[in-house]
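Here is how the chains run, residue by residue.
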Amino acid sequence: MPLLQFDVIQGRSESEMQTLLDAAHRAVLTAFEVPQRDRYQIVHENKRYQMVFEDTGLGLQRSDNLVMVRVFTSPRSDEQKQFFMAELAREFKQSCGIEGSDLMISFITNGKGDWSFGNGVAQYMTGEL
């Protein structure tokens, strides 16, 4: 059950954001083989000056299409993470016209006891999930 949190620069339309979120969900389904309704996404829109992303010496050219994606998830293999990163970049390029240089991804790993999906119950711990 990955939770994806997106930071973007203000200015995208509702339709553009829906396309981006749908593309990200397809990448999650492909890379992590989760159920279709296992979809958790949060978007934060920021003013341009609130997002400073340089290139760490890689020579990347960023634009206002910049998207930062944080993936909160149970432990995944390096292969799964790399597959997801490549799949997300492919989906964003194909569906949204977002260049790979405008995509940054970070994984935050947590355990089963770190999630409650409702009612104050840790469903992974109780066996409900």
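As annotated in an unreviewed UniProt entry, the protein is Tautomerase from Winslowiella toletana.

A. Inspection of the packing of aromatic side chains at higher detail. Counted under the stated rule, the structure contains 6 aromatic pairs. Between Phe32 and Phe84, the aromatic rings sit 5.2 Å apart at their centres with planes inclined by 20°, giving stacked as the arrangement. Taken together, the residues Phe32 in helix H1 (residues 14-32) and Phe84 in helix H2 (residues 78-96) connect sequence positions 52 residues apart. On the numbers, 5.5 Å between centres and 85° between planes, the contact of Phe117 with Tyr124 is edge-to-face. Owing to a relative accessible area of 21%, Tyr124 belongs among the partly exposed residues under this scheme. Through a chain of ring-to-ring contacts, three or more aromatic side chains come together here, namely Tyr40, Trp115, Phe117 and Tyr124. Over the face of the ring belonging to Phe32 we find Arg76, whose NZ or CZ atom lies 4.3 Å from the ring centre. The side chain of Lys112 reaches across the aromatic face of Tyr124, ending 4.8 Å from its centre.

Calculation criteria
Residues numbered from 1 in each chain as written. Predicted model: local features only at pLDDT ≥ 70, side-chain atom pairs only at ≥ 80, totals over all residues. Heavy atoms only, no water. Phe/Tyr/Trp six-rings, centres within 6.5 Å; stacked < 30°, edge-to-face > 60°. Helix = DSSP H or I, 4+ residues; strand = E, 2+ residues; numbered from the N terminus. Buried < 20%, exposed > 50% of the residue type's maximum accessible area, 1.4 Å probe, protein only. Lys NZ or Arg CZ within 6 Å of the ring centre and 35° of its normal.

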